[in-house]
Amino acid sequence: MLTKMAKRLTIALIPDCSDEQERAMYEYGCELWLYTVFSTLGLVLIGTVLGCPFEAIVMISIFYLCQSNGGGYHASTHIHCFLIMAVGMLLGLLLVNTVVPFIAAVTALSASTAILLFFPLYLHPNKRYLSARRRTLEKRSRIVTMCIVLCVVVSVWLVPIRLFYVECFAMLFSAISRGYAIWMDTKQQAVNAEIENNSDSK
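Residues numbered from 1 in each chain as written. Predicted model: local features only at pLDDT ≥ 70, side-chain atom pairs only at ≥ 80, totals over all residues. Heavy atoms only, no water.

Q: Looking at this structure, I do not really get the pattern of salt bridges. What am I missing?
A: Where charged atoms from two side chains of opposite charge come close, those side chains can pair. For the coordinates displayed, the defined rule picks out 2 salt bridges. Arg162 serves as the salt-bridge partner of Glu55, at 3.0 Å between the closest nitrogen and oxygen. On the criterion of sequence distance, the pair formed by Glu55 in helix H3 (residues 53-70) and Arg162 in helix H7 (residues 161-201) is long-range, its members being 107 residues apart. Arg162 sits in the partly exposed class, given a relative accessible area of 26%. (Salt bridge = Lys/Arg side-chain N within 4 Å of Asp/Glu carboxyl O. Helix = DSSP H or I, 4+ residues; strand = E, 2+ residues; numbered from the N terminus. Buried < 20%, exposed > 50% of the residue type's maximum accessible area, 1.4 Å probe, protein only.)

Okay, structure coming up:
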């Protein structure tokens, strides 16, 4: 569905594009944009139904900032990606409505910050062309992470404590996403290396 909409949007916006490779690039960009818009609206709607629209927006914003600047796990389809995000957000909002010890939230924030700083960048296979800019991207990712952490820490004195818990969980979700993506990528590289070694030995 999104693919068809992206193709129609590309034709409407760039009707004179005759280069197939260039058109495919525009279609891919439009599809990502459409998915981001629809998934964000869907997540905010879920938060609104649960009576936590502002909390949902805060959680989505932090996750998007971490994901877009440092990378993270990407599901194989848009539906799977949305479901994972929806489940993660639901879990976070449900936890906020329970009695969460303050020390647990601080621990989650500290551990998440350490992971995001130690693993500042995961480049998805579709973005490996950015490898030459890795150092710059890692630096930017660390700066964004520290800015988010600073805002979260300051918010302890400025916003209700439940919102602080939401921010901590969003950071934890972001750290899990990036850590899992790096672990899966390392695992795949090991499998590929083993296949190469086996083929060379034959």
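Moving on from the coordinates now.
Q: Sorry, what's going on with helix H5 (residues 102-118) here?
A: The α-helix winds at 3.6 residues per turn, so residues separated by three or four positions along the chain end up facing the same way. Spanning 17 residues, H5 covers 24 Å between terminal C-alpha atoms, matching the ideal 24 Å at 1.5 Å per step. Residues of H5 that are buried include every one of Ala105, Ala108, Leu109, Ser112, Thr113 and Leu116, and no others. All buried residues of H5 lie within an arc of 130 degrees about the axis, which places them on one face of the element. With respect to the buried face of H5, the exposed residues turned more than 90 degrees away are Ile103 and Phe118. (Expected span 1.5 Å × (residues − 1). Arc of directions from axis to C-beta.)

All quantities given are derived from atomic positions and should not be read as evidence of function.
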